[in-house]
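Here's the letter readout for the chains.
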Amino acid sequence: MKHFHLVTRRQFLDRAMKTGAAAALASLTNIPLVMKQALAAESSLGTNGKKLLFIFLRGANDGLNSVIPIGDDGYSLEHRPDILIPRDPGTDYTILGGCDYPSVATPDAPTFGYASAIRLGNGFSALHPSLKFLAPVYNAGDLAMIHRVGYPKQSRSHFDSQVYWETGHPNNPSKEGIFYRTIMESGLAHTLPLTGVSIQSSLPVILRGSDAAMTNLKDPNRYDLLGIPNNTNGNSKADFHLRNANEFPFPSRLNRDLLKLQYNNLSQTLSIFDAMDFSETGNIFTDDVNTDGDTVPYHLFPTTNSKNGGYQAHNNDPLKYVVNPNSYSFFRDLKAAAMVLNNTDAMIAGTRLDGFDTHSNQGGVTGAHANLQRSIGWAIYALRKYFTKYAQRVNWNNLVVVTLSEFGRTTIQNSDAGTDHAEANVMFVAGGGVKGYNKGNPSGVFAGHPNDSIPWVTGRTGSMFGVSTRYLKRSVDYRSVLGKLIRDHLGASQEQLNRIIPGYATASKRLLSGGVSGEDGTQITGELPIV
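Given the structure is predicted, the values throughout are model-derived calculations rather than measurements.

Rules of the game
- Residues numbered from 1 in each chain as written.
- Predicted model: local features only at pLDDT ≥ 70, side-chain atom pairs only at ≥ 80, totals over all residues.
- Heavy atoms only, no water.
- Buried < 20%, exposed > 50% of the residue type's maximum accessible area, 1.4 Å probe, protein only.
- Helix = DSSP H or I, 4+ residues; strand = E, 2+ residues; numbered from the N terminus.
- Pairing = 2+ DSSP bridges.
- Phe/Tyr/Trp six-rings, centres within 6.5 Å; stacked < 30°, edge-to-face > 60°.
- Lys NZ or Arg CZ within 6 Å of the ring centre and 35° of its normal.

Draft legend 1. Representation of helix α6 (residues 178-186) in the model. Burial analysis of α6 places nine of its nine residues in the buried class, the great majority of the element. Among the residues of α6, those classed as buried are I178, F179, Y180, R181, T182, I183, M184, E185 and S186.

Draft legend 2. Seen up close, the pairing of strand β1 (residues 51-57). Among the seven residues in β1, seven count as buried, and that is most of the element. Here β1 shows no split at all, with K51, L53, I55 and L57 on one side and L52, F54 and F56 on the other all buried. Pairing analysis gives six bridges linking β1 to strand β9 (residues 399-404), with the strands arranged parallel. Paired with L52 across the strands is V400, a residue of β9.

Draft legend 3. Seen up close, the sheet that holds strand β2 (residues 67-68). If you walk across this open sheet you meet the three strands as β2-β4-β3, and the pairing is antiparallel. Since the sheet does not close on itself, it has two edges, and those belong to β2 and β3 (118-119), each with one partner. Strand direction decides the pairing type here: β2 and strand β4 (residues 126-127), joined by two bridges, are antiparallel. By the bridge assignment, V67 is partnered in β4 with L127.

Draft legend 4. Region of interest: the packing of aromatic side chains. All chains considered together, the criterion is met by 20 aromatic pairs. Each residue in the set Y101, F112, F133, Y298, W378 and Y381 is aromatic and connected to the rest through ring pairs, giving one cluster. For R58, the ring lying beneath its charged end belongs to F56, and the centroid distance is 4.0 Å. The aromatic ring of F112 is capped on one face by K132, whose charged end is 5.9 Å from the ring centroid.

Draft legend 5. Molecular detail of the pairing of strand β6 (residues 196-199). Burial along β6 is two-sided: G196 and S198 and V197 and I199, pointing in opposite directions, are all buried. Direction of pairing for β6 relative to strand β7 (residues 215-217): parallel, over a ladder of three bridges. Paired with S198 across the bridge in β7 is N216.

As C-alpha cells, then:
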C-alpha cells in the first residue's frame, strides 16, 4: 500500500506548509505508533470516501416496542397491559413482502393516526406506528434492523454500559472510544483539522482519546475563541492570536507537538465552521416529495413549529407534527452533524437523543416512548433525503447511520406502567450501501425471526424471557455490528479492526465467526451481512 503511504505524507506536508505549523513538520520525525500502523496498513480507512453518523439513544430504548415480535405470543397484554402495541385486526402479519406504510387518507388527517403495529413483511415482526417513516427507507432496502443485540455479563448501570458500548470493551475500565481508535488508525487525526465531530453538550467517550483531540460543539452557532465573535473581524483576530501563540519560542524540552497541532486544527476549524450556515435561517432543507401526500414538502430537520411537518400548512394543527416539539434541540444537533459530514473532511460525526429511561408512564401507541420513536423514524428518513438531495462531500450510498443504546428494557412492564433495565435491544443501521430488504436479504430484520440461524424462540419460556425470566436474551454482540461497519464500510483492514475493538481477534469471543461465546456461554451469530 505504498501509494497510500506516499499520499498521506504528502497531504501531511502540504497542510503543514500551508499553515506554517512547525509542529506538524517536526512530528514527521516522531509519528505516534498508531499512526505508523495506519500508514503501513493494507486498508482504505480514511481514503475511500465512506463516512458514518452515529446517534446514541441514551437511557436504553425499549427495543421490544420498536421492532415488535408480533408473532410471539409472549408479547401479550399479560406482560405489557399498559404499553403493548396492538395488532390491527384487519392485518395478516404472516404475509411476506415490504413494510406497510400507513399514509394518511387525506392531507388533513392526523400524521400518526394509525394506532396498531405496522406489518414489517417478514412474517413475524412489526414496527411501532410512531416509526412509520422508516417504511420508505426499509422498502428501498436501505435499512437493517438488528434485534437481540447486547454483550456478555450485561451491566444494568446506565453509566457503565454506555461506557462499554462507547469503548468497545465491555466490563473493562478503558476510556478510549471505539470511533476515536478508528480515526487514529486512519491516520487522519494528524493531518486534518476535522476528523471526528460530536454535536452535543460534551465530547462523548466514543470519540475520546489521549493522542489527538476530536471536536465537540454544543452549539455551532456559538463556536468562537475566547469570546471572540464568529464573524469576519472576530475570526481575523482569532487567527492572529493563534498564529502568534503557535510561533512563540519554547525550549525544545517543553515543545509539545500535540498542543501545537491542536492550535493549528482550532485555527482551521474556525474558518471551516464560519463558512457554513448553521443558523435557523439556513435550515432550508426540505423533502423532495410531498410527504404523506400533503400539500407541501416537509422540512427535513424540524427545529420550529413552522418547520414541523404540516403544522403550519394546516392552520397550526399539532396533529400534523412529524416529531414532538420537545425534540427540536435534537434535530438542530442532527442537522449540524449532517452538515459537518457533508461539507468537511470529517469521517465520523454524531449526536445523542435523551429520554429513553422510561421507568414510569412509558406509554404505548402514544406517550413518552412513542414521541421519542417519532424522532428516530423521522431522523433516519430525513438523513436519507438530505444525503441524496443535498449531497456534497458524501452521498447516501457512501454513508452509514447507526444507532446505539446501552441496553434494552424488561419484557414485563413494572407497576408504574413503565419498563426497567434489561439486556438485549435493537440497533438501526441505514445507508445506501446497507443490505436490507431484498438487497441480499429477503428481510431487513436480522436476529428477529424464528427461522434465523439462532432462532427466536416464542412463548413464555422463549427468547423474551431468556435471561432471569424477564429479559430478552442476546444473540448478537454489538461489537460484531460495529466491527462489520468499521471494516467493510469505513475500510479498515482486519488487522486494524483487531486493534480498534479489543479482543476482536480472540477466537473464544466469537465476534467474527459466531458460536458459543467463551465469555458467558451464550450462542451468538458473529458478523451479519448488513453491508
